[in-house]
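Analysis of the macromolecular model
Each chain is listed here by its residues.
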Amino acid sequence: GRGAGGGEGGGGGGGAYRKTDPIRTLCGHWYHFGCLDPHMTAPPFDMKCAACGEPIEHTHWTKAGKRALLEKRWAFEEARRREVGDVGDFLGF
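Residues numbered from 1 in each chain as written. Predicted model: local features only at pLDDT ≥ 70, side-chain atom pairs only at ≥ 80, totals over all residues. Heavy atoms only, no water.

Observations concerning the overall build of the protein chain
On a plain count of helices and strands, the protein chain comes out with 3 helices and 2 strands. Along its sequence from the N terminus, the protein chain presents helices and strands in the succession β-β-α-α-α. Per-residue burial for the protein chain yields a buried fraction of 22% across its 93 residues. (Helix = DSSP H or I, 4+ residues; strand = E, 2+ residues; numbered from the N terminus. Buried < 20%, exposed > 50% of the residue type's maximum accessible area, 1.4 Å probe, protein only.)

What follows is the structure, given as structure tokens:
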């Protein structure tokens, strides 16, 4: 459920969220964490709010430097996935 005092959702402190936890974006609209997370951690990293059209921002994903880290992590995972596929093709898997 929501954090203490009707906060931004998430199972207490530390930023650990469950899929069904409601979170409030900086534009003021509410979404389930599980609905936003896949869109916020893969390109394009500029999802818009369905209610108001503003860019979706929340400190879980948009803290200083975190978005850049998410982009780098995604690029690394994609490069690794392509490399494994290339090796598989080369070896006939």
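Here's the deal with the nonpolar core
Of all hydrophobic cores here, the largest spans 11 residues; its members are Tyr17, Ile23, Tyr31, Phe33, Leu36, Met40, Phe45, Cys49, Ile56, Trp61 and Leu70. Looking at which element gives the most residues to this core, the answer is helix α1 (residues 33–40), with 3 residues. Residues in contact with Tyr31, not counting those within four places in the same chain, are Asp21, Pro22, Ile23, Thr25, Leu36, Cys49, Ala50, Ala51 and Ile56. (Core = buried A, V, L, I, M, F, W, Y, C linked by side-chain atoms within 4.5 Å. Contact = heavy atoms within 4.5 Å.)

Comments concerning the packing of aromatic side chains
Evaluation of the coordinates by the stated rule reveals 1 aromatic pair. Ring centres of Tyr17 and Phe33 lie 4.9 Å apart, and the angle between their planes is 10°; this geometry places the pair in the stacked category. Note that Tyr17 is positioned in the segment before β1 (22–24) and Phe33 in helix α1, a separation of 16 residues in sequence. Take Phe33: its relative accessible area is 9%, and that puts it in the buried class. (Phe/Tyr/Trp six-rings, centres within 6.5 Å; stacked < 30°, edge-to-face > 60°.)

Notes on a nonpolar patch on the surface
On the surface, Val87, Phe90, Leu91 and Phe93 cluster together into a nonpolar patch covering about 540 Å² of accessible area. A relative accessible area of 79% means that Phe93 is categorised as exposed. (Patch = residues over 30% accessible without salt bridge, like charges linked within 9 Å, V, L, I, M, F, W, Y side chains within 5 Å. Areas by Shrake-Rupley, 256 points an atom, 1.4 Å probe, with all protein chains shown as cover. Salt bridge = Lys/Arg side-chain N within 4 Å of Asp/Glu carboxyl O.)

Side note on the confidence of the model for the protein chain
Looking at the protein chain as a whole, its pLDDT mean stands at 77, while 77% of the residues score no less than 70. Mean pLDDT in the protein chain bottoms out at helix α2 (residues 59–62), which sits at 76, and peaks at strand β2 (residues 30–32), which reaches 93. This model gives residues 1–14 a pLDDT under 50, and the stretch forms 26 contacts once residues within four places in sequence are excluded. (pLDDT = per-residue confidence, 0-100.)

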